[in-house]
Amino acid sequence: MPDLKSLIRQIPDFPKPGILFYDITTLMQDASGWRSVIDQVTAHYKSAPIDVVLGIEARGFFFAPTLAYALNTGFIPVRKPGKLPHKTAAMEYALEYGTDKLEIHADAVQPGQRVLIFDDVLATGGTAQAVAKLVEKIGGTVAGLGFVLELDFLKGRSKLDGYDVFSLLHY
Ligand code: AMP
(Lines give C-alpha, C1' and ligand atoms only; values in the text may rest on other atoms or scores of the structure.)
Protein backbone atom coordinates (compact mmCIF):
# COMPACT_ATOMS: atom_id res chain seq x y z
CA MET A 1 0.00 0.00 0.00
CA PRO A 2 1.47 3.41 -0.92
CA ASP A 3 2.61 5.73 1.88
CA LEU A 4 0.01 8.46 1.41
CA LYS A 5 1.70 11.00 3.67
CA SER A 6 4.85 10.83 1.56
CA LEU A 7 2.72 11.72 -1.49
CA ILE A 8 1.28 14.90 0.08
CA ARG A 9 3.53 17.88 -0.53
CA GLN A 10 3.93 20.35 2.33
CA ILE A 11 4.40 23.99 1.33
CA PRO A 12 5.42 26.45 4.04
CA ASP A 13 4.00 29.98 4.04
CA PHE A 14 1.22 29.35 1.48
CA PRO A 15 -1.15 31.10 0.90
CA LYS A 16 0.27 33.41 3.57
CA PRO A 17 3.16 33.49 6.06
CA GLY A 18 2.84 31.01 8.92
CA ILE A 19 0.50 28.55 7.13
CA LEU A 20 1.84 25.09 6.27
CA PHE A 21 -0.19 24.10 3.21
CA TYR A 22 -0.93 20.41 2.55
CA ASP A 23 -0.90 20.06 -1.24
CA ILE A 24 -2.99 17.04 -2.23
CA THR A 25 -2.37 17.49 -5.99
CA THR A 26 0.82 15.40 -5.67
CA LEU A 27 -1.25 12.62 -4.08
CA MET A 28 -3.92 12.86 -6.77
CA GLN A 29 -1.46 12.65 -9.65
CA ASP A 30 -0.05 9.36 -8.32
CA ALA A 31 -2.21 6.53 -9.70
CA SER A 32 -1.74 4.10 -6.80
CA GLY A 33 -2.04 6.88 -4.20
CA TRP A 34 -5.26 8.17 -5.71
CA ARG A 35 -6.75 4.68 -5.96
CA SER A 36 -5.72 3.91 -2.39
CA VAL A 37 -7.44 7.05 -1.01
CA ILE A 38 -10.70 6.33 -2.80
CA ASP A 39 -10.59 2.60 -1.95
CA GLN A 40 -9.89 3.19 1.74
CA VAL A 41 -12.57 5.85 2.17
CA THR A 42 -15.06 3.71 0.22
CA ALA A 43 -14.28 0.72 2.46
CA HIS A 44 -14.86 2.87 5.55
CA TYR A 45 -18.33 3.96 4.42
CA LYS A 46 -19.36 0.84 2.48
CA SER A 47 -21.85 -0.44 5.05
CA ALA A 48 -23.00 3.00 6.29
CA PRO A 49 -26.49 4.08 5.20
CA ILE A 50 -25.58 6.98 2.91
CA ASP A 51 -28.01 8.32 0.32
CA VAL A 52 -25.87 11.00 -1.26
CA VAL A 53 -22.32 12.45 -1.09
CA LEU A 54 -21.80 16.21 -0.88
CA GLY A 55 -18.65 18.05 -1.99
CA ILE A 56 -17.54 21.61 -1.20
CA GLU A 57 -16.11 23.91 -3.89
CA ALA A 58 -13.35 23.71 -4.88
CA ARG A 59 -11.05 21.00 -3.53
CA GLY A 60 -13.96 18.90 -2.24
CA PHE A 61 -14.96 18.47 -5.90
CA PHE A 62 -11.81 16.40 -6.47
CA PHE A 63 -12.92 13.65 -4.10
CA ALA A 64 -16.65 13.67 -3.41
CA PRO A 65 -17.93 12.79 -6.92
CA THR A 66 -15.50 9.85 -7.21
CA LEU A 67 -16.59 8.65 -3.79
CA ALA A 68 -20.25 9.01 -4.77
CA TYR A 69 -19.60 6.81 -7.80
CA ALA A 70 -17.80 4.21 -5.68
CA LEU A 71 -20.60 4.20 -3.08
CA ASN A 72 -23.25 4.10 -5.80
CA THR A 73 -24.92 7.36 -4.70
CA GLY A 74 -25.60 10.74 -6.26
CA PHE A 75 -23.47 13.85 -5.71
CA ILE A 76 -24.45 17.32 -4.43
CA PRO A 77 -22.24 20.38 -4.97
CA VAL A 78 -21.96 23.17 -2.39
CA ARG A 79 -20.70 26.25 -4.17
CA LYS A 80 -19.44 29.77 -3.66
CA PRO A 81 -22.18 32.46 -3.90
CA GLY A 82 -23.81 33.19 -7.23
CA LYS A 83 -22.82 29.98 -9.05
CA LEU A 84 -25.92 27.80 -8.60
CA PRO A 85 -28.74 28.68 -11.03
CA HIS A 86 -31.85 27.61 -9.09
CA LYS A 87 -33.25 28.65 -5.69
CA THR A 88 -30.53 28.35 -3.06
CA ALA A 89 -30.06 28.21 0.70
CA ALA A 90 -26.96 29.92 2.08
CA MET A 91 -24.81 29.80 5.20
CA GLU A 92 -22.34 32.43 6.29
CA TYR A 93 -19.42 31.45 8.51
CA ALA A 94 -16.48 33.09 10.24
CA LEU A 95 -12.98 33.07 8.81
CA GLU A 96 -9.81 34.22 10.55
CA TYR A 97 -10.59 37.70 9.20
CA GLY A 98 -14.17 38.40 8.11
CA THR A 99 -16.75 35.93 6.84
CA ASP A 100 -17.40 33.64 3.89
CA LYS A 101 -20.56 32.21 2.41
CA LEU A 102 -21.54 28.93 0.73
CA GLU A 103 -24.68 27.96 -1.16
CA ILE A 104 -26.62 24.79 -1.95
CA HIS A 105 -29.69 24.26 -4.13
CA ALA A 106 -32.65 24.45 -1.74
CA ASP A 107 -34.13 21.28 -3.26
CA ALA A 108 -30.86 19.31 -3.41
CA VAL A 109 -31.89 16.78 -0.75
CA GLN A 110 -35.16 15.03 -0.01
CA PRO A 111 -36.45 15.30 3.58
CA GLY A 112 -34.44 12.98 5.82
CA GLN A 113 -31.96 11.93 3.14
CA ARG A 114 -28.65 10.88 4.71
CA VAL A 115 -25.84 13.06 3.42
CA LEU A 116 -22.12 12.30 3.64
CA ILE A 117 -20.12 15.56 3.56
CA PHE A 118 -16.63 14.94 2.15
CA ASP A 119 -13.76 17.44 1.89
CA ASP A 120 -10.00 17.36 1.49
CA VAL A 121 -8.81 18.92 4.76
CA LEU A 122 -10.34 19.41 8.22
CA ALA A 123 -8.53 22.48 9.55
CA THR A 124 -10.42 24.82 11.93
CA GLY A 125 -13.71 23.08 11.11
CA GLY A 126 -15.54 26.31 10.25
CA THR A 127 -16.36 25.25 6.70
CA ALA A 128 -17.51 21.76 7.63
CA GLN A 129 -19.69 23.08 10.46
CA ALA A 130 -21.36 25.60 8.14
CA VAL A 131 -22.05 22.94 5.51
CA ALA A 132 -23.51 20.55 8.10
CA LYS A 133 -25.90 23.32 9.19
CA LEU A 134 -26.75 24.03 5.56
CA VAL A 135 -27.70 20.39 4.96
CA GLU A 136 -29.94 20.42 8.04
CA LYS A 137 -31.46 23.77 7.02
CA ILE A 138 -32.78 22.22 3.79
CA GLY A 139 -34.09 19.10 5.54
CA GLY A 140 -31.26 16.60 5.14
CA THR A 141 -29.61 14.45 7.81
CA VAL A 142 -25.84 14.56 8.17
CA ALA A 143 -24.73 10.92 7.98
CA GLY A 144 -21.11 11.88 8.54
CA LEU A 145 -18.24 14.19 7.68
CA GLY A 146 -15.17 12.68 6.02
CA PHE A 147 -11.78 14.15 5.17
CA VAL A 148 -8.61 12.98 3.49
CA LEU A 149 -6.56 14.65 6.20
CA GLU A 150 -7.13 16.33 9.54
CA LEU A 151 -4.92 18.89 11.24
CA ASP A 152 -5.44 17.61 14.78
CA PHE A 153 -3.76 20.58 16.47
CA LEU A 154 -6.41 22.99 15.12
CA LYS A 155 -9.14 21.03 16.93
CA GLY A 156 -11.66 21.44 14.12
CA ARG A 157 -13.34 18.24 15.34
CA SER A 158 -14.59 20.11 18.42
CA LYS A 159 -16.84 22.19 16.12
CA LEU A 160 -18.40 18.97 14.82
CA ASP A 161 -19.58 17.55 18.15
CA GLY A 162 -22.38 15.02 17.76
CA TYR A 163 -21.50 14.15 14.16
CA ASP A 164 -19.65 11.08 12.89
CA VAL A 165 -16.23 12.42 11.80
CA PHE A 166 -13.64 10.34 9.92
CA SER A 167 -10.24 11.35 8.56
CA LEU A 168 -7.96 9.02 6.65
CA LEU A 169 -4.76 10.77 7.74
CA HIS A 170 -3.87 12.81 10.82
CA TYR A 171 -1.20 15.46 11.29
P1 AMP B 1 -11.40 25.06 7.73
O2 AMP B 1 -12.71 25.76 7.54
O3 AMP B 1 -10.43 25.89 8.53
O4 AMP B 1 -11.56 23.67 8.34
O5 AMP B 1 -10.69 24.88 6.32
C6 AMP B 1 -11.46 24.76 5.18
C7 AMP B 1 -10.69 24.41 3.93
O8 AMP B 1 -9.53 25.19 3.78
C9 AMP B 1 -10.23 22.98 3.87
O10 AMP B 1 -11.22 22.13 3.38
C11 AMP B 1 -9.07 23.05 2.92
O12 AMP B 1 -9.51 22.99 1.58
C13 AMP B 1 -8.50 24.41 3.19
N14 AMP B 1 -7.36 24.39 4.13
C15 AMP B 1 -7.31 24.95 5.35
N16 AMP B 1 -6.10 24.83 5.90
C17 AMP B 1 -5.35 24.15 5.00
C18 AMP B 1 -3.98 23.70 4.97
N19 AMP B 1 -3.13 23.93 5.98
N20 AMP B 1 -3.57 23.03 3.88
C21 AMP B 1 -4.40 22.80 2.84
N22 AMP B 1 -5.69 23.21 2.80
C23 AMP B 1 -6.14 23.87 3.87
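Residues numbered from 1 in each chain as written. Predicted model: local features only at pLDDT ≥ 70, side-chain atom pairs only at ≥ 80, totals over all residues. Heavy atoms only, no water.

### So, the nonpolar core
- Among the nonpolar cores identified, the biggest contains 27 residues, and Ile8, Val37, Val41, Val53, Phe118 and Leu149 are the most heavily contacted of them.
- Contact partners of valine 53, with chain neighbours within four places excluded, come to Ala64, Leu67, Ala68, Leu71, Thr73, Gly74, Phe75, Ile76, Leu116 and Phe118.
- Counting 26 residues, the second largest nonpolar core, distinct from the first, contains Met91, Tyr93, Val115 and Leu122. (Core = buried A, V, L, I, M, F, W, Y, C linked by side-chain atoms within 4.5 Å. Buried < 20%, exposed > 50% of the residue type's maximum accessible area, 1.4 Å probe, protein only. Contact = heavy atoms within 4.5 Å.)

### Re the pattern of salt bridges
- Tallied over the entire structure, the rule returns 4 salt bridges.
- Here aspartate 23 makes a salt bridge to arginine 9, at a shortest N to O gap of 2.9 Å. One end of the pair, aspartate 23, is in strand 2 (residues 20–23); the other, arginine 9, is in strand 1 (residues 9–12), with 14 residues separating them in the sequence.
- Salt-bridge contacts for arginine 157 lead to glutamate 150; the nearest nitrogen and oxygen are separated by 2.8 Å.
- Residue classification places arginine 157 among the partly exposed positions, given a relative accessible area of 33%.
- Given the relative accessible area of 4%, glutamate 150 is considered buried. (Salt bridge = Lys/Arg side-chain N within 4 Å of Asp/Glu carboxyl O. Helix = DSSP H or I, 4+ residues; strand = E, 2+ residues; numbered from the N terminus.)

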